[in-house]
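# A closer look at the structure
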Amino acid sequence: MLEALTGTGLAASAGLNAYIPLLTMGLLARYTDVVNLPGGWQWISNGWVLAILVVLLAIEVVADKVPVVDHVNDVVQTLVRPTAGGLAFGAGSGAETVTVSDPGQFFGSSQWVPVVIGVLIALGVHGVKAAARPVINAGTAGFGAPVASTAEDATSVVFSLTAILLPVLVLLFLLVVPLFVIWVVRRRRRRRAARRATRPGDRYDESVTHS
C-alpha cells in the first residue's frame, strides 16, 4: 500500500511540475541511499538525464511565472506532465525507499498498470492547475501568476519528498484536492456569470424591461 501512495504522490507532483519528482528521485537515487530504483528505471539517476531535467526545470520555472506565457506552457505541458506522472508512478511504486523495503509485489507482473495510473493522476492534477491559473490571473490582473507558480513548485518539491519519505501523508492530498477542485469550479462559474451580467446586450435588455 505504501508503494501505491509513493507513486500517487510523485504522479500528483508531476501534475504540478513535470520535472521535479523525476529530478528528486534521480538525485536521491544517485547521491543517497534513500531511494533504490528498480532495474528498468535506473536511467533516471543517469548524470546526463539529471542535467537535461535541470535545464527543462529551469525553462519551466521561468515560463510558468509569466502571464499568457503560462497558459501556452500549460497547453504544451498537457502531454509532458501526464507522461512524467506515468514515469514517476512507475519508478516510485517499484523503488525501495526508507519506508518501502519490498515494493515488487504490489502490482505483480502488470508493470504497465502503475504507468497508466500515474498518467491519469498527473493529468487530473494538471487539469485542475490549468483551469485555476486563468482564474488567478484574471482576479489579480496577472500579478498572481508568479506567486501561484512559486507555490505550485514548492508544493511539488514538498510533495515529492513526502511521497518518498512519509507516503502516508499523501492521504491528506486525496482530501485536499477535491476541495480545491470545488473552489476552482465555483470561481469559474462566478466569472462566467459576471461576464454575462456586464454584456452590453444584457444591460440594454434590462433597461428596456424597466422602461
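You'll find the structure just up there.
So, here's what we can say about the structure.

Taken together, the side chains of Val 157, Leu 161, Leu 165, Leu 166, Leu 169, Leu 172, Leu 175 and Val 176 present a nonpolar region at the surface, about 700 Å² in accessible area. Of all elements in the fold, only α6 (144–165) and α7 (170–197) reach the threshold of two or more residues within the nonpolar patch.

Right, let's talk about the nonpolar core for a bit. In this structure, Leu 22, Met 25, Val 35, Leu 37, Ile 44 and Ile 164 are the most contacted members of the largest nonpolar core, which totals 33 residues. Of all the secondary-structure elements, those providing two or more residues to this core are α1 (2–16), α2 (20–31), α3 (47–63), α4 (69–94), α5 (112–140), α6 and α7. Of the residues forming this core, the biggest block, 6 residues, is contributed by α1.

Now for the pattern of salt bridges. This model, assessed by the stated rule, comprises 8 salt bridges. A salt bridge links Asp 74 to Arg 81, with the shortest nitrogen-to-oxygen separation between them at 2.9 Å. With respect to burial, Asp 74 and Arg 81 carry one shared label: buried. Between Arg 133 and Glu 152 there is a salt bridge, with its nearest N and O atoms 2.6 Å apart. A residue pair is termed long-range when its members are at least 10 positions apart, and Arg 133 in helix α5 and Glu 152 in helix α6 qualify at 19 residues. Accessibility assignment for this pair places Arg 133 and Glu 152 in one class, buried. A single network of salt bridges, built from pairs that share partners, joins Asp 64, Asp 70, Lys 129, Arg 133 and Glu 152.

Definitions and limits used
Residues numbered from 1 in each chain as written. Predicted model: local features only at pLDDT ≥ 70, side-chain atom pairs only at ≥ 80, totals over all residues. Heavy atoms only, no water. Patch = residues over 30% accessible without salt bridge, like charges linked within 9 Å, V, L, I, M, F, W, Y side chains within 5 Å. Areas by Shrake-Rupley, 256 points an atom, 1.4 Å probe, with all protein chains shown as cover. Salt bridge = Lys/Arg side-chain N within 4 Å of Asp/Glu carboxyl O. Helix = DSSP H or I, 4+ residues; strand = E, 2+ residues; numbered from the N terminus. Core = buried A, V, L, I, M, F, W, Y, C linked by side-chain atoms within 4.5 Å. Buried < 20%, exposed > 50% of the residue type's maximum accessible area, 1.4 Å probe, protein only.

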